[in-house]
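Commentary on secondary and tertiary structure
Read off the chains here:
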Amino acid sequence: MMIPKTHPRYTSLMLREKISQAMKRGIVHETGLIAHGRGETFDYLIGERTLPVTKGAEKTAAACLIDSTHPVISINGNVAALAAKECCDLAKTVGAQLEVNLFHYDKERVLRVAKVLKENGADAIRGLHPDKKIPDLDHSRANCCSQGIYKADVVVVALEDGDRCQALKNMGKTIIAIDLNPLSRTAQTATITIVDNVVRALPRITEWTKQISPDETQKIIQDYDNEKYLREVLDYITHRLRNFEKAGMELF
Ligand code: PTJ
């Protein structure tokens, strides 16, 4: 469908179109459309832009990635459809691996997701031959690679489910979650949560990794409080909703 650039909801409609096309090409699972819709709701509530309070979370995520010895970015169907290039750029900048990890496992879809990553500049992609399991996880997201997610010290996840996030944390890993829903189990469980759209969050993290010097990272990480950040996001959303009647559509 042709969406005119002048449409007030152009960016949002383009992302919808991307997801819809990617489902037709067998990259996104059909339930990925529902997940996307849930994300849109929360994106609407934060004004479809990166909140000023999110800067600290992005900066801390970048600091963790700089400090990490074995970072991995986990890729599912929606992430590949929306932000394959952004994932590849971040991976290249911080020397991270990309591992395809699907909730609705299907070998053919894994290959299609890997192809999208390749087309967007990925060198090596893990997840094609998982040989390990994340302990205490009863679904296919437990499958991972011994030299990838299993060994990782820092894992970036987006559009994740809370139980894998918890299971990865139980393995002692630092989890950077990108999730528009500040109330989700993933958001509440991750070490660092970035409440933002994956398409905006990833380039901003990449940018931060170029701006932070290695001797700053420890202080940035120590000063960060994820619970406080999530409270600030919820306060922002509450304030916005409370003031809707006064400011009207300006707010939305
Ligand atoms: O490709 P697969 O098989 O691995 O399937 C992946 C999906 C996305 C279907 C699966 O992980 C899923 O069902 O996810 P959930 O449980 O619906 O969680 C998605 C979370 O991501 C929700 O909290 C949404 O608010 C959030 N979300 C949706 N779109 C975005 C997003 N967060 C950031 N950016 C988005 N574009």
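**Quick word on the site of the ligand**
With respect to spatial proximity, 22 residues lie near the ligand, and among them Arg38, Phe103, His104, Arg109 and Asp179 are the closest. A distance of 3.0 Å is found between a nitrogen atom of the ligand and a side-chain nitrogen or oxygen belonging to Asn197. At 3.0 Å from a nitrogen atom of the ligand is found a main-chain nitrogen or oxygen belonging to Val198. For the ligand, whose free accessible area comes to 740 Å², the fraction covered by protein is 93%. Top contributing element to the shell around the ligand by residue count: helix α2 (residues 30–45), with five residues.

**Structural notes on the sheet that holds strand β1 (residues 71–75)**
One open sheet accounts for six strands, arranged β3-β2-β1-β6-β7-β8; its pairing is parallel. Looking at which strands have only one partner, the edges of the open sheet turn out to be β3 (125–126) and β8 (192–194). Sheet analysis places strand β7 (residues 174–178) next to β8, joined by three bridges and oriented parallel. Considered in β8, the bridge of Ile178 is made with Ile194.

**Focus on the side chain of His70**
Residue placement: His70 occurs in the loop between α3 (54–67) and β1. Given the relative accessible area of 13%, His70 is considered buried. Within the local environment of His70, its side chain forms a polar contact with the side chain of Gln97, the two groups lying 3.1 Å apart. Residues contacting His70, with those up to four places away along its chain left out, are Gln97, Gln147, Gly148, Lys151, Ala152, Asp153 and Val154.

Quick notes on the rules
Residues numbered from 1 in each chain as written. Predicted model: local features only at pLDDT ≥ 70, side-chain atom pairs only at ≥ 80, totals over all residues. Heavy atoms only, no water. Near = heavy atom within 4 Å. Polar contact = N/O pair within 3.5 Å; in protein donor to acceptor, adjacent residues only side chain to side chain. Areas by Shrake-Rupley, 256 points an atom, 1.4 Å probe, with all protein chains shown as cover. Helix = DSSP H or I, 4+ residues; strand = E, 2+ residues; numbered from the N terminus. Pairing = 2+ DSSP bridges. Buried < 20%, exposed > 50% of the residue type's maximum accessible area, 1.4 Å probe, protein only. Contact = heavy atoms within 4.5 Å.

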